[in-house]
Amino acid sequence: MKKIRSIQELKTLKKQLEQRKHELEKSIQYDWRDVKESLQPVNMAKQVFRNVFTLKEKSVSKPGVFSKIVALFTGRKNKREDL
């Protein structure tokens, strides 16, 4: 840490630390508000449905590991990989 050589430096540093403290408190306040909103039942239901649909999209777009292994042993290529 840097040495403080004068009272003016100390006052400047104190002012900077106060500003940073206020910024962090504001950030915590916004984060806390977001957490409270996300825990409301309506928002939780939205999140569950969103996750279900994204999981379905991922499973449709990418072939599974099992299908790749079966294709490897049978000598067949997966039709989705050709696209």
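Values in this document were obtained by computation on a predicted structure and should not be read as measured data.

A. Summary view of the overall build of the chain. What the chain contains, in helices and strands, is four helices and zero strands. What you see in the chain, going N to C, is helices and strands ordered as α-α-α-α. Residues counted as buried form 2% of the 83 residues belonging to the chain. Carbon together with sulfur atoms contributes 61% to the accessible area of the chain, which is approximately 8,500 Å² in total.

B. Geometry of the pattern of salt bridges. Throughout the structure, instances matching the rule amount to two salt bridges. The partner of Arg20 in a salt bridge is Glu23, with the nearest N and O atoms 3.7 Å apart. Of this pair, Arg20 and Glu23 both sit in helix 1 (residues 7-38), three residues apart, which is roughly one turn of the helix. With its nearest N and O atoms 3.7 Å apart, the salt bridge here joins Asp34 to Arg33. The exposure class assigned to Asp34 is partly exposed, which follows from its relative accessible area of 39%. Looking at Arg33, the relative accessible area reads 41%, which means it is partly exposed.

C. Main features of a nonpolar patch on the surface. Residues Trp32, Val35, Leu39 and Met44 make up a contiguous nonpolar surface patch of roughly 420 Å² in combined accessible area. Locating Leu39 in the fold gives a position in the loop between helix 1 and helix 2 (41-61).

What counts, and where the lines are drawn
- Residues numbered from 1 in each chain as written.
- Predicted model: local features only at pLDDT ≥ 70, side-chain atom pairs only at ≥ 80, totals over all residues.
- Heavy atoms only, no water.
- Helix = DSSP H or I, 4+ residues; strand = E, 2+ residues; numbered from the N terminus.
- Buried < 20%, exposed > 50% of the residue type's maximum accessible area, 1.4 Å probe, protein only.
- Areas by Shrake-Rupley, 256 points an atom, 1.4 Å probe, with all protein chains shown as cover.
- Salt bridge = Lys/Arg side-chain N within 4 Å of Asp/Glu carboxyl O.
- Patch = residues over 30% accessible without salt bridge, like charges linked within 9 Å, V, L, I, M, F, W, Y side chains within 5 Å.

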